[in-house]
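Each chain, letter by letter, is given below.
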Amino acid sequence: MNVQPMVALSGVTKTFTKGNVTALREIDLQIGPGEFVSLIGPSGCGKSTLLRLIGDLTPPTAGTVTVNGKPAPQARADHDYGMVFQDSVLFDWRTVEKNVALPLELLGWDRAKRKARVEEMLRLVELQGFGGHHPWQLSGGMQMRVAIARALSFEPSLLLMDEPFGALDEMTRERLNIELLEIWRRTESTVVFVTHSISEAVFLSTRVVVMSPRPGRIAGMVDIDLPQPRTADTREEPRFFELVTEVRELLRGVGADEHGSVLAEVSE
Amino acid sequence: MTQAATASPALARPSLSPALRRGGIRAATTLVTFAALCGLYELYHWVWASAGWTWPFPVNDTTLPHLWTIAKALGRPSGYQGPLLIVLLLHHAWFTAKEALAGFALGAVTGFVLAVALVHSRLAQRALLPYIVASQTIPILAIAPMVVVWLKSGWQSVAVIAAYLTFFPVTINVLRGLQSAEARAHELMRSYAASRWQVLWRLRVPASLPYLFTALKISATASVVGAIIGELPSSIQSGLGGAIINFNQYYSLQPENLWATNVVAALLGVAFFLAVVLAEKLVVRRAPEHLA
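Not measured: the values here are computed from a predicted model.

Parameters and conventions
- Residues numbered from 1 in each chain as written.
- Chains lettered and ligands numbered in written order.
- Predicted model: local features only at pLDDT ≥ 70, side-chain atom pairs only at ≥ 80, totals over all residues.
- Helix = DSSP H or I, 4+ residues; strand = E, 2+ residues; numbered from the N terminus.
- Rg over C-alpha atoms; globule rule 2.2 N^0.38 Å.
- Buried ≥ 20, exposed ≤ 12 C-beta atoms within 10 Å, placed from the backbone.
- Pairing = 2+ DSSP bridges.
- Axes fitted to C-alpha atoms, helices over the stretch in contact; angles between N-to-C directions.
- Contact = placed C-beta atoms within 7 Å.
- Core = buried A, V, L, I, M, F, W, Y, C linked by C-beta atoms within 7 Å.
- Domains from an automatic or database assignment.
- Nonpolar A, V, L, I, M, F, W, Y, C, P; charged D, E, K, R; others polar.
- Expected span 1.5 Å × (residues − 1).
- Arc of directions from axis to C-beta.
- Parallel < 35°, antiparallel > 145°, perpendicular 65-115°, else oblique.
- Left-handed = near helix turned anticlockwise from the far one by under 90°.

**Brief notes about the overall build of chain A**
Stage number 1. Looking only at helices and strands, chain A has nine helices and 10 strands in total.
Stage number 2. A globule of 268 residues ought to have a C-alpha radius of gyration of about 18 Å, and chain A, at 18 Å, matches this closely.
Stage number 3. By principal-axis analysis of the C-alpha atoms, chain A measures approximately 50 × 40 × 40 Å.
Stage number 4. Each of the 268 residues in chain A was classed as buried or not, and the buried ones make up 47%.

**Concerning the overall build of chain B**
Stage number 1. Within chain B, the regular secondary structure consists of 12 helices and zero strands.
Stage number 2. Overall, chain B shows an N-to-C arrangement of helices and strands of α-α-α-α-α-α-α-α-α-α-α-α.
Stage number 3. C-alpha atoms of chain B, sized along the principal axes, occupy 75 × 75 × 40 Å.
Stage number 4. A buried classification covers 34% of the 292 residues belonging to chain B.

**With respect to the sheet that holds strand β6 (residues 81-84) of chain A**
In a beta sheet, neighbouring strands pair by backbone hydrogen bonds and run either parallel or antiparallel.
Residue and element names in this part refer to chain A.
Stage number 1. Strands sit in the order β6-β7-β8-β3-β9-β10 across an open sheet of six strands; the sheet is mixed. A strand with exactly one partner marks an edge of an open sheet, and here the two such strands are β6 and β10 (217-223). Going from strand to strand, the sheet's axes swing by 20° on average, the running direction of each strand aside.
Stage number 2. Inspection of the sheet shows β6 paired to strand β7 (residues 158-162) by four bridges, in the parallel sense. For Gly82, the partnering residue across the bridge sits in β7 and is Leu159.
Stage number 3. Along the sheet, helix α1 (residues 47-54) makes contact with β3 (36-40), β7, β8 (190-194) and β9 (207-212), crossing β8 at roughly 150°.

**Quick notes on the nonpolar core**
Stage number 1. If you look at the biggest cluster of nonpolar residues, it comprises 89 residues, and the most contacted ones within it are Ile54, Ile148, Val192 and Val247 of chain A.
Stage number 2. Counting residues per element, this core draws most heavily on helix α5 (residues 140-152) of chain A, at eight residues.
Stage number 3. Ignoring any residue separated from it by four or fewer positions in sequence, one finds Val247 of chain A in contact with Ile40, Ile198, Ala201, Val202, Val208, Val210 and Val222 of chain A.
Stage number 4. Residues Ala144, Val147, Val170 and Trp259 of chain B belong to the second largest nonpolar core, which totals 56 residues.

**Digging into the domain arrangement of chain B**
Interfaces are frequently sized by the accessible area removed from exposure as the parts join.
Stage number 1. Domain boundaries assigned for chain B yield domain 1 (18-64) and domain 2 (78-285).
Stage number 2. The C-alpha-based centres of domain 1 of chain B and domain 2 of chain B are spaced at 30 Å.

**A short note on the environment of Asp225 of chain A**
Stage number 1. Mapped onto the fold, Asp225 of chain A is located in the loop between β10 and α8 (238-253).
Stage number 2. Separated by 18 residues in the primary sequence, Asp225 of chain A and Leu243 of chain A have C-alpha atoms spaced 8.9 Å apart.

**With respect to the interface of chain B and chain A**
Stage number 1. At the junction of the two partners, chain B supplies 17 residues and chain A supplies 18 residues.
Stage number 2. Of all the secondary structure elements, the ones that give two or more residues to the side of chain B that touches chain A are α9 (183-191) and α10 (196-234) of chain B.
Stage number 3. Per-element tally for the side of chain B that touches chain A: the top contributor is α9 of chain B, with six residues.
Stage number 4. The residue makeup of the side of chain B that touches chain A, split by class, is eight nonpolar, three polar and six charged.

**Focus on helix α6 (residues 170-187) of chain A**
Residue and element names in this part refer to chain A.
Stage number 1. End to end, α6 covers 25 Å across 18 residues, agreeing with the expected 26 Å (1.5 Å per residue, within 8%).
Stage number 2. Along α6, the residues classified as buried are Leu176, Asn177, Leu180, Leu181, Ile183 and Trp184. Buried residues along α6 cover an arc of 165° about the axis, so they all sit on one side. Away from its buried face by more than 90 degrees, α6 exposes Met171 and Arg186.
Stage number 3. Lining the buried residues of α6 we find β3, α4 (111-124), α5, β8 and α7 (198-204).

**Here we look at the packing of α5 of chain A against α6 of chain A**
Residues and elements named next belong to chain A.
Stage number 1. Taken N-terminus to C-terminus, the directions of α5 and α6 make an angle of 15°; their axes are 11 Å apart at the nearest point. As judged from the angle between their axes, α5 and α6 are roughly parallel. Taken as a pair, α5 and α6 cross one another with a handedness that is right-handed. Residues Gly141, Met144, Ile148 and Leu152 of α5 pack against Thr172, Leu176, Leu180, Ile183 and Thr187 of α6.
Stage number 2. Taken together, the residues of the contact of α5 with α6 break down into six nonpolar, three polar and no charged.

**Observations regarding the environment of His290 of chain B**
Stage number 1. With respect to the helices and strands, the residue His290 of chain B is situated in the segment after α12 (255-283).
Stage number 2. For the pair formed by His290 of chain B and Gly154 of chain B, sequence separation is 136 residues and the distance between their alpha carbons is 41 Å.
Stage number 3. Ignoring sequence-local partners within four residues, the contact set of His290 of chain B consists of Asp92 of chain A together with Pro210 of chain B.

**So, the sheet that holds strand β5 (residues 70-71) of chain A**
Residue and element names in this part refer to chain A.
Stage number 1. The strand order across the open sheet built from four strands is β2-β1-β4-β5, with neighbouring strands paired in antiparallel fashion. Across the chains shown, the open sheet's two edge strands, defined by having one partner strand only, are β2 (21-31) and β5.
Stage number 2. Taken together, the five bridges between strand β1 (residues 7-16) and strand β4 (residues 62-67) define a ladder with antiparallel strand orientation. Each bridged residue has a counterpart across the sheet, and for Leu9 the counterpart in β4 is Val65.

In C-alpha cells form, the structure reads like this:
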C-alpha cells in the first residue's frame, strides 16, 4: 500500500483475564483511508472486541494497533474517533441539538461555531427542525441518526460503528443504510462497521472481513466491487447476490450455521 | 341526545384547557382529602368522648383539642398584650426557616461534595463510608449539645445540626446517581478523550439529578426537624423549637397552642418539600422512565 493506512493491526491478541478467554488471536488487518470495512462473523467471534481495540476502549494483550499513523491511545487523545453504538447512547437530559454538540463542547468550540456545525449536521442526517426535541420524543431510527450526526460532528478521521442498526426494523435499516453511504461519500470518512447481517455488510462495504469464533480470527475477506453510488436497486443486482453468497459460504466455513443469529440473516 | 353529549365533551366546556382541568382536579383532590382527614379527626373525638372509651387514651379537649379551637387560638393574642398567636408563630417559623435553609444548603453541598469524592476513589469509599453511616446512628439529641459547645449557641450551630441530618441522604443517593450512567455512555465519553472533570459535569452529575432530588426531598423536611431540635440545647427562644418548649409547659391549660405550633411546623416542612419539587420541575429534563 503506497498510502499510509488509516488502521493497521499487527499481531493483535486479546485475552480476557476473567475466565482466561482468548477473544482474538494474531489479527493482522490494514484499512486504507476512505474504505468502508464491515466486520462480520458469528456471535463470539470477537468482532465487537476488535472494534473496541481499534477505538482504544480496551487495550490489546499483545500486538500493536495503529490509527492514522499513531498508537491507538494517541489517536483517541487526538479525537480521531467517532463512535456509534447499537443503542444510540443519547443523553436524555440534552436536546437533540445539545447531544450533537457534546463532542464539540468537549473540544472547546465556541457557541457560535457549535451552533453552525450542529445545524449543518442535522441537515446532513435530515433532522432539521428536531434540534429542540428530546431524544425520547424521537423514533429509534431518528435517534440513531442523531448518534451518527454526533459522531461525525467533529470530523473524526475514523468512524467506528458497532451494530448501529441492529435494533431497528428492516425498512428503517435499509433506508439508513442508504443514508449512511450518502454521508460516507460526502464526508469522505473511513468507516469500520460491525454487523451480523450479511446483506447489510455487502450493501455498505468496500470490503467485508469475515471472522471465525473461539478464538476470533480473520477467516477471509471479500472485496465488494459493486459500483458506487449504491441505491435500493443495488440489492436486486445479480452481482449483489453473488457477493452475498460468497460471504455466506465463508461464514459456513467457519461454522456460523451453528448460530441462529447468522442463519436468520442468511435466510432473509 | 346522549350521543351528542358524549361526542362533544370538548365543546361542552371549551374554556377549560386540559392542563387547567388537571390542576383543578388535583386541587379538588387535595381539598377533599384535607376535609376527610379533619372529619375523621373530629369523628374519632366525638365517638371516643361520647362513648367514654379510654383505650388507647381518654379523649377530651385537652388530649385532642377540637380543630376549631386550634384555629381560633391562632387568631387570639398569644399572651398578655402579646401579638396574635399566628403572627408570633410566623415570626418563629421564619426564624427556624432561616436556620433550616442554611443547614439544608450546607448539608446538601457537603453531601454532594462527599459523594463526588467517594465516586472517584474506591479507597475513599471503602475507608469513609462506614463512618458516614455510623454518623447517622448517633441520635441528633446526643450530637446537638456538642455542636453547641463547639460553635457557641446561635443560629450557626443550629444550621450545623440541621446539616447533620441533611447531608446523609444526599451523599448516599448522589453516590448512586453518579454511578447510574450506563457503561456505553462512559465509553462514548472515553472515545472523545473526555477528562474526569468533563465526565463528571457532562455525564455523571446530569445522570444523578433524579437521585439528587429524591435525596433533597428527604433532606428538606429533615432540615426543618434538625433546626427545631437544634434550637433546644442552644436555648434559642425565637424559633419554633423555643415555641414548642414554651407551649409544652402550658399544655394542660392551653393545649391548642402547642397543636397550632405543630401545624405551623408541619406547614414549614411542607413548604420546604414543595420548594424542592418545584426546583426539580425546573431543573430535571429526563425521559419519563427516569422520573419519579
